[in-house]
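# Structural features, examined
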Amino acid sequence: MRRDVLVLCYHGISERWPAPTAVTPRRLEQQLSMLVKRGYRGATFSEALTAPTADRTLVVTFDDAAISVARLAAPVLQRLGLPGTVFVPTGFPDNGNLMAWPGQEEWAGTEHEDELACISWDGLRDLVARGWEVGSHTRFHPRLTTLTDGALEAELSGSREDCERQLGRRCTSLAYPYSDLDDRVVRAAREAGYLFAATVPRESAAPLPLQWPRVGVYRSDTARRLAARIWRRGRR
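Residues numbered from 1 in each chain as written. Predicted model: local features only at pLDDT ≥ 70, side-chain atom pairs only at ≥ 80, totals over all residues. Heavy atoms only, no water.

## Regarding helix 5 (residues 149-167)
Taking 1.5 Å per residue, 19 residues should reach 27 Å; helix 5 reaches 27 Å between its end C-alpha atoms and fits that length. Buried-residue contacts for helix 5 involve strand 4 (84-88), helix 4 (121-129), strand 5 (133-136), strand 6 (173-175) and helix 6 (183-191). Backbone geometry just after helix 5 places G168 at a positive phi near 70°. (Helix = DSSP H or I, 4+ residues; strand = E, 2+ residues; numbered from the N terminus. Expected span 1.5 Å × (residues − 1). Contact = heavy atoms within 4.5 Å.)

## Details of the packing of helix 4 against helix 5
Where helix 4 meets helix 5, the axes come as close as 10 Å, and the angle between the chain directions of the two elements is 75°. In terms of axis orientation, helix 4 runs roughly perpendicular to helix 5. Here W121, L124, R125 and V128 of helix 4 lie close against helix 5, whose contacting residues are D162, C163, Q166 and L167. Taken together, the residues of the contact of helix 4 with helix 5 sort by class into 5 nonpolar, 1 polar and 2 charged. (Axes fitted to C-alpha atoms, helices over the stretch in contact; angles between N-to-C directions. Parallel < 35°, antiparallel > 145°, perpendicular 65-115°, else oblique. Nonpolar A, V, L, I, M, F, W, Y, C, P; charged D, E, K, R; others polar.)

## Brief notes about the packing of aromatic side chains
The full count for this structure, using the stated rule, is 6 aromatic pairs. Measuring from centroid to centroid gives 5.6 Å for F92 and W101, while their planes differ by 75°, and the two rings are edge-to-face. On the basis of relative accessibility, which here comes to 10%, the residue F92 falls in the buried class. The exposure class of W101 is buried, given its relative accessible area of 6%. Between F92 and F140, the ring centres sit 5.9 Å apart and the planes meet at 70°, which makes this aromatic pair edge-to-face. On the criterion of sequence distance, the pair formed by F92 in the loop between strand 4 and helix 4 and F140 in the loop between strand 5 and helix 5 is long-range, its members being 48 residues apart. An aromatic cluster is present here, built from Y10, F62 and W132 joined pairwise through their rings. The cationic tip of R143 hangs over the ring face of Y178; the distance from NZ or CZ to the ring centre is 3.9 Å. (Phe/Tyr/Trp six-rings, centres within 6.5 Å; stacked < 30°, edge-to-face > 60°. Buried < 20%, exposed > 50% of the residue type's maximum accessible area, 1.4 Å probe, protein only. Lys NZ or Arg CZ within 6 Å of the ring centre and 35° of its normal.)

## Describing the pattern of salt bridges
Under the counting rule described, the total for this entry stands at 12 salt bridges. One salt bridge connects R16 with D114, and the closest N-O pair in it is separated by 3.0 Å. One end of the pair, R16, is in the loop between strand 1 (4-10) and helix 1 (25-37); the other, D114, is in the loop between strand 4 and helix 4, with 98 residues separating them in the sequence. Taking the relative accessible area as the measure of exposure, D114 reaches 40% and is therefore partly exposed. (Salt bridge = Lys/Arg side-chain N within 4 Å of Asp/Glu carboxyl O.)

## Regarding the nonpolar core
Ranked by internal contacts, the top residues of the largest apolar core, which has 58 residues, are L8, Y10, L32 and F62. In terms of residue count, the dominant contributor to this core is helix 3 (residues 67-80) (7 residues). In contact with F62, other than residues within four places in its own chain, are Y10, H11, I13, V69, A73, L77, T85, V86, F87 and W132. Grouped together as the second largest cluster of nonpolar side chains are 12 residues, A43, A48, F87 and W212 included. (Core = buried A, V, L, I, M, F, W, Y, C linked by side-chain atoms within 4.5 Å.)

## Things to note about the packing of helix 1 against helix 3
Two numbers describe how helix 1 lies on helix 3: the axes approach to 10 Å, and their chain directions differ by 30°. Between helix 1 and helix 3, the interaxial angle falls into the category roughly parallel. Helix 1 and helix 3 meet at a crossing whose hand is right-handed. Here P25, L28, E29, L32 and S33 of helix 1 come into contact with helix 3, specifically with L72, A73, V76, L77, R79 and L80. The residue inventory of the contact of helix 1 with helix 3, partitioned by class, reads 8 nonpolar, 1 polar and 2 charged. (Left-handed = near helix turned anticlockwise from the far one by under 90°.)

## Some details on the pairing of strand 3 (residues 56-63)
Of all the 8 residues making up strand 3, 7 are buried; the element is thus mostly covered by neighbouring parts of the structure. The pairing of strand 1 with strand 3 spans 7 bridges and is parallel. Within strand 3, the residue paired with D4 across the bridge is R56. Pairing of strand 2 (residues 41-42) with strand 3 involves 2 bridges; the strand directions are parallel. Bridge pairing links R41 to T57 in strand 3. Crossover strand 2 to strand 3 through helix 2 (residues 45-50) is right-handed. The pairing of strand 3 with strand 4 spans 4 bridges and is parallel. (Pairing = 2+ DSSP bridges. Right-handed = clockwise from strand over helix to strand, strands pointing away.)

Spelled out as structure tokens, the structure:
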């Protein structure tokens, strides 16, 4: 029987933020509990792609490293016995700037702008100590296909080096911002030293180490709606 590696992609976790990518803690726990009851066992992204130890492997990833992931998501995953993987844009921890890039800038200056704060490096070290993986989400979350070769190399190699310097361990995984990639970007990711990279494809995609498809999870997804999209047949 072929092993099933299911990789989910979350962003912010919030009780009150109405962003389409924000999921409430209660719904996060319902969704993951459903999968655990169905026989899925947790692994980090790199572990799952290297040597999954279960017939059904669940990888819970979080793009952007919003502070809510440490405060609200980590306790949920700990209760369920699951590790997480968080992809951090390394230009934001500890610099005081909000992650108000295109697609999120509308929340800056509103009552929800605190949702745009990034986890600190100390917070990321704490997640690593709990068994989480911290991967790169570039430095400043650009659309990689629009960059010059030099800027692309700086975003990819620079963010990997930031992670390794701050966390004291090898960084081998990447999530492409906006899932924006082409052959040049994938080659650059390989040349920058990444072994694995994640995306959320808009249509069916073959699972390749540097183009691994994830299922995006959004505010509108109930457990039933998510179930319809994550079973193998639905993912095809």
